[in-house]
Amino acid sequence: MLLADRTALAALLAGIRRAARSVAWYVRGVMGEDAWDKYRAHHEAAHGTADPARPSERMMTEREFWRDQTDRQDANPQGRCC
């Protein structure tokens, strides 16, 4: 009986962890925090590894990406209250 309780508790905790990860993933997507991950995945799929002979296809660093993102939002504000 005790082993069954531990198994049930472990399954419950695993379910709670899975639900928490799902909520965190959703909130990251809604807040736009996954933009860097999406950019990196797209760039690697479209351009492959970095080619030093073609600097225009160089992948931005994470800092450059967020700076560029902020500059684009400032230059073209849409749907923001401030």
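Located above this text is the structure these notes cover.
Q: So what's going on with the overall build of the chain? Residues and values would help.
A: Scanning the chain from terminus to terminus reveals 3 helices and 0 strands. Secondary structure elements of the chain, listed N to C terminal, follow the sequence α-α-α. When each of the 82 residues of the chain is scored for burial, the buried share is 9%. Accessible surface, the chain: about 7,200 Å² in total, of which carbon and sulfur atoms supply 60%.

Q: Could you give an account of the pattern of salt bridges, naming the residues involved and the relevant values?
A: Under the counting rule described, the total for this entry stands at 6 salt bridges. Its salt-bridge partner being D34, residue K38 comes within 3.4 Å of it at the nearest N-O pair. Among the ionic pairs, D37 bridges to R40, the shortest N-O distance being 3.5 Å. With D37 and R40 both in helix α2 (residues 35-47) and 3 residues apart, the pair spans about one turn of that helix. Given a relative accessible area of 30%, D37 falls into the partly exposed group.

Q: An account of the side chain of D34 is requested, with residue identities and associated values reported.
A: By the secondary structure assignment, D34 is in the loop between α1 (2-31) and α2. When its relative accessible area of 16% is taken as the criterion, D34 is described as buried. With residues up to four places along the chain from it excluded, the contact list for D34 reads R28 and G29.

Q: Could you give an account of α1, naming the residues involved and the relevant values?
A: Over its 30 residues, α1 runs 43 Å from end to end, which matches the ideal 44 Å to within 8%, given 1.5 Å per residue. Taken from the residues just after α1, G32 is the one with a positive phi, measuring 85°.

Q: Tell me about the packing of aromatic side chains, residues and numbers included.
A: For the coordinates displayed, the defined rule picks out 4 aromatic pairs. Judged by centre distance (5.1 Å) and plane angle (75°), the rings of F65 and W66 are edge-to-face. The partly exposed category is assigned to W66, whose relative accessible area is 30%. Taken together, the aromatic side chains of W36, Y39, F65 and W66 make up a single cluster linked through ring pairs.

About the criteria used
- Residues numbered from 1 in each chain as written.
- Predicted model: local features only at pLDDT ≥ 70, side-chain atom pairs only at ≥ 80, totals over all residues.
- Heavy atoms only, no water.
- Helix = DSSP H or I, 4+ residues; strand = E, 2+ residues; numbered from the N terminus.
- Buried < 20%, exposed > 50% of the residue type's maximum accessible area, 1.4 Å probe, protein only.
- Areas by Shrake-Rupley, 256 points an atom, 1.4 Å probe, with all protein chains shown as cover.
- Salt bridge = Lys/Arg side-chain N within 4 Å of Asp/Glu carboxyl O.
- Contact = heavy atoms within 4.5 Å.
- Expected span 1.5 Å × (residues − 1).
- Phe/Tyr/Trp six-rings, centres within 6.5 Å; stacked < 30°, edge-to-face > 60°.

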